[in-house]
Amino acid sequence: MPFLRPGDIRPSEITPAAVYRDRRRFLGAALAAGGALLLPSALPAAPRRFGPLPRSPLSTSEPPNSYKDITTYNNFYELGTGKDDPARNAALLKTEPWSVTVDGEVERPGTYTLEDILKPHALEERIYRLRCVEAWSMVIPWVGFPLGDLIKRFQPTSRAKYVAFTTLHDPEQLPGQRRNVLQWPYVEGLRMDEAMHPLTLLAVGLYGEVLPGQNGAPLRLVVPWKYGFKSIKSIVRISLTEQMPPTTWNRAAPHEYGFYANVNPAVDHPRWSQKRERRLGELRKRETLPFNGYAEQVAQLYSSMDLTKWY
Amino acid sequence: MVLSERWLKRVVFLLCLTPLAWLLALALRGELGANPIETIIRYFGDWALRLLLLTLAATPLRLLSGWSWPVRLRRLLGLFTFFYAMLHLLAYAVLDQFFDWAAIWEDIVERPFITTGMLAWLLLLALALTSNQASQRRLGRNWKRLHRLIYPAAILAAVHFALMVKADLREPLIYGAILTLLLGLRLIRRTRVYKTLENR
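On a predicted model such as this, the values are computed, not experimentally measured, just so you know.

(A) Structural detail: the interface of chain A and chain B. Across the boundary between the two partners, chain A contributes 28 residues, which contact 23 residues of chain B. Interface area for chain A against chain B, summed over the two sides, is near 2,000 Å², with a carbon-plus-sulfur share of 44%. When the area that chain A buries against chain B is broken down by residue, the three leading residues are Arg179, Arg271 and Arg278 of chain A, summing to 27%. A salt bridge links Lys166 of chain B to Glu134 of chain A; its shortest N-O distance comes to 2.8 Å. Taken together, the links from chain A to chain B amount to 13 residue pairs in polar contact (both at pLDDT 80 or more). The residue makeup of the side of chain A that touches chain B, split by class, is 11 nonpolar, 5 polar and 12 charged.

What follows is the structure in structure tokens.
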């Protein structure tokens, strides 16, 4: 199968992430670290690296975007509506301690610390394409584990048909929530078979490092065949439900953003043609692929649906 | 006026070029962000709209202050509005769409924010082409009527911006409020109080 074509070497092995950053920022960090010897309390939280990570056969072999692109061009309205706001405001988001409530149609509901959530799962590197509904795309080396493995641990009941997710709601840490640009907290959802699909990932890292706040630290969803807004960030609640859960962008503009949000070049958004996209770092646009190029793996999930209606 | 009109125009001319110079400086320093094409398009659009509002501010400023120099800068400001609108359109057609006429036409027909933007640009084009004195002479009284198209152009431009925004309408609302104020001042100009101001 074409998707079983891993890159020979993981990007985290080729180049340390620091080199991907611009020199000024790197030097700034070095200076800050030097200054920190005099003022230990000023020591910035050093990015923590995960150990050696196994390579996922589900990774694309396409070259990933730079660490700088991925961490400075973000849609995370909780940290500001400009693309560069999230990186600027991310320091406000405190990710330790962090806990996640699992409830609804599960045998083992409860509130768990992030450590408890992660403990039994082996992390791996997954390089995925990400396609935004705004018609730009990136390739991102995530660190994470399949959502399905987590859901199984909590033993869904037979009534569980959907999985609903909620982002942290705290205007102190997420200043964008002080204005009602969207209805807070941000919520998203998947159908059970989508949630259990091996491509659906819970990410905790990027380029072998702990996920930065602007990318949805400490725990975010990644659904590579759907538009980016579906991949909810900074998750504090996972609920298994019988009914289709509300989703934030669908609530804001139902004719523009559907529940499914599958990448589909044949169904235009009123503001952006979805036929083509700009891969950040490239000059010319490229054709958008159905399901963002993951059709072979996921198209059968929707074989009985009219995707112009269930967009 | 301390500055002679000629020097005033030279200074304003250079001021109007500084946004372009600033963008070039950012580009040379590699500081256009992860999506430079989007940055460039937005930047030119922002400045076209700002200069359009400045152009529209000339008449109310004269009426409120009694100064005549704002009105003598009006054509210069209007032409720079078109200059940035042209760069905005070129950045879209060349950098973003790379002369893909089919895609551009589809955008114009199917996406209201592009439709309004194109209409605004067409109106500004008509005004720029007839901005010279020969056209003024040739068109006579119709010249003034034609150049009232600046009002629908400004409204279309403001709507174009508002339609582009996904959820956070703060910025387009600020521009919209300024435009409403500038057009509103013209409407109340007909009232007696305003006539008195005008005739003093």
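Now that the structure has been shown, we can carry on.
(B) Structural detail: a positive patch on the surface. Residue and element names in this part refer to chain B. A cluster of basic side chains, namely Arg74, Arg141, Lys144, Arg145 and Arg148, defines a positive patch on the protein surface. When residues of the positive patch are assigned to their parent elements, the largest contribution, 3 residues, is made by helix 8 (residues 141–147). Relative to the helices and strands, Arg74 resides in helix 4 (residues 74–96). Overall, the relative accessible area of 35% leaves Arg74 in the partly exposed class.

(C) Spatial organisation of the confidence of the model for chain B. All names here are of chain B. In the predicted model, chain B carries a mean pLDDT of 93, and 94% of its residues have values of at least 70. Confidence, expressed as mean pLDDT per element, reaches its minimum in chain B at helix 11 (residues 192–199) with 60 and its maximum at helix 6 (residues 112–129) with 98. Predicted complex metrics record ipTM = 0.87 and pTM = 0.86.

(D) Expanded view of the pattern of salt bridges. Counting across every chain of the model gives 35 salt bridges over all chains. One salt bridge in this structure joins Glu5 of chain B and Lys9 of chain B, with 3.3 Å as the shortest N-O distance. In this pair, Glu5 of chain B and Lys9 of chain B both sit in helix 1 (residues 5–28), 4 residues apart, roughly one turn of the helix. The residue Arg72 of chain B makes a salt bridge to Glu5 of chain B at a minimum N-O spacing of 2.2 Å. Placement of Arg72 of chain B in helix 3 (residues 69–72) and of Glu5 of chain B in helix 1 is noted, with a sequence separation of 67 residues between them. For Glu5 of chain B, a relative accessible area of 31% gives the class partly exposed. Through salt bridges that share partners, Glu62, Arg129, Arg279, Glu282 and Arg286 of chain A make up one connected network.

(E) Layout of the confidence of the model for chain A. All names here are of chain A. For chain A, per-residue confidence averages 89 on the pLDDT scale, and 85% of positions sit at 70 or higher. Contacts of residues 1–8 to residues separated by more than four positions or lying in other chains number 17 contacts, the stretch itself having pLDDT below 50. Below a pLDDT of 50 lies the segment residues 15–44, which in the model reaches 19 contacts outside its immediate sequence neighbourhood of four places, other chains included.

(F) The arrangement of helix 6 of chain B in detail. Residues and elements named next belong to chain B. The terminal C-alpha atoms of helix 6 lie 26 Å apart, and with 18 residues this matches the ideal 26 Å at 1.5 Å per residue to within 8%. Among all positions in helix 6, only Phe113, Ile114, Thr116, Gly117, Met118, Ala120, Trp121, Leu123, Leu124, Leu127 and Ala128 are buried. Looking at the buried residues of helix 6, the elements they touch are helix 2 (36–65), helix 4, helix 5 (101–110), helix 8 and helix 9 (150–164).

(G) Structural view of the packing of helix 2 of chain B against helix 9 of chain B. Residue and element names in this part refer to chain B. Two elements in contact, helix 2 and helix 9, have axes separated by 11 Å at closest approach and are oriented at 145°. With respect to the hand of their crossing, helix 2 and helix 9 are arranged in left-handed fashion. On helix 9, the residues that touch Arg42, Asp46, Leu49, Leu52 and Leu56 of helix 2 are Ile150, Tyr151, Ala153, Ala154, Ala157, Ala158, Phe161 and Met164.

(H) Fine view of a nonpolar patch on the surface. Residues and elements named next belong to chain B. A grouping of Phe98, Phe99 and Trp101 is seen on the molecular surface, where their side chains present a nonpolar patch of about 350 Å² in accessible area. Relative to the helices and strands, Phe99 resides in the loop between helix 4 and helix 5. Take Phe99: its relative accessible area is 43%, and that puts it in the partly exposed class.

(I) The arrangement of the pairing of strand 10 (residues 235–241) of chain A in detail. All names here are of chain A. Within strand 10, 6 of the 7 residues are buried, leaving the element largely enclosed by the surrounding structure. Taken together, the 4 bridges between strand 1 (residues 99–104) and strand 10 define a ladder with parallel strand orientation. Bridged to Val102 within strand 10 is Ile238. Pairing between strand 5 (residues 162–167) and strand 10: 6 bridges, direction antiparallel. Considered in strand 10, the bridge of Val163 is made with Leu240.

(J) Just the sheet that holds strand 10 of chain A, in detail. Residues and elements named next belong to chain A. The sheet built from 5 strands is open, its strands ordered 2-1-10-5-6 with mixed pairing. The two strands at the open ends of the sheet, each matched to only one other strand, are strand 2 (110–113) and strand 6 (187–191). Strand-to-strand, the axes of this sheet are offset by a mean angle of 20°, without reference to chain direction. Taken together, the 5 bridges between strand 5 and strand 6 define a ladder with antiparallel strand orientation. Bridge pairing in strand 6 links Ala164 to Gly189.

(K) Broad picture of the nonpolar core. Counting residues in hydrophobic clusters, the biggest one holds 85 residues, and the most contacted among them are Trp142, Phe165, Leu221 and Trp225 of chain A. Take this core: its biggest share by element is 6 residues, from strand 4 (residues 136–146) of chain A. Not counting chain neighbours up to four residues away, the residues in contact with Leu221 of chain A comprise Leu147, Phe165, Leu190, Thr200, Leu201, Leu202, Lys230, Ser231, Ile232 and Ile235 of chain A. Among the nonpolar cores identified, the runner-up in size contains 51 residues, and Ala91, Ala93, Ala154 and Ala158 of chain B belong to it.

(L) Here's a closer look at the packing of helix 6 of chain B against helix 9 of chain B. All names here are of chain B. The geometry of helix 6 relative to helix 9 is characterised by a closest axis approach of 8 Å and an angle of 155° between their N-to-C directions. One way to sum up the angle between helix 6 and helix 9 is to call them roughly antiparallel. For the element pair helix 6 and helix 9, the recorded crossing hand is left-handed. Contacts from Pro112, Phe113, Thr116, Gly117, Leu119, Ala120, Leu123, Leu124 and Leu127 of helix 6 reach helix 9 at Ile150, Pro152, Ala153, Leu156, Ala157, Val159, His160, Leu163 and Met164. Of the residues in the contact of helix 6 with helix 9, the class split is 15 nonpolar, 3 polar and no charged.

Cut-offs applied
Residues numbered from 1 in each chain as written. Chains lettered and ligands numbered in written order. Predicted model: local features only at pLDDT ≥ 70, side-chain atom pairs only at ≥ 80, totals over all residues. Heavy atoms only, no water. Contact = heavy atoms within 4.5 Å. Buried area = accessible area lost by both parts, 1.4 Å probe. Salt bridge = Lys/Arg side-chain N within 4 Å of Asp/Glu carboxyl O. Polar contact = N/O pair within 3.5 Å; in protein donor to acceptor, adjacent residues only side chain to side chain. Nonpolar A, V, L, I, M, F, W, Y, C, P; charged D, E, K, R; others polar. Patch = residues over 30% accessible without salt bridge, like charges linked within 9 Å, V, L, I, M, F, W, Y side chains within 5 Å. Areas by Shrake-Rupley, 256 points an atom, 1.4 Å probe, with all protein chains shown as cover. Lys, Arg positive; Asp, Glu negative; His and termini not counted. Charge placed at Lys NZ, Arg CZ, Asp CG, Glu CD. Helix = DSSP H or I, 4+ residues; strand = E, 2+ residues; numbered from the N terminus. Buried < 20%, exposed > 50% of the residue type's maximum accessible area, 1.4 Å probe, protein only. pLDDT = per-residue confidence, 0-100. Expected span 1.5 Å × (residues − 1). Axes fitted to C-alpha atoms, helices over the stretch in contact; angles between N-to-C directions. Left-handed = near helix turned anticlockwise from the far one by under 90°. Pairing = 2+ DSSP bridges. Core = buried A, V, L, I, M, F, W, Y, C linked by side-chain atoms within 4.5 Å. Parallel < 35°, antiparallel > 145°, perpendicular 65-115°, else oblique.

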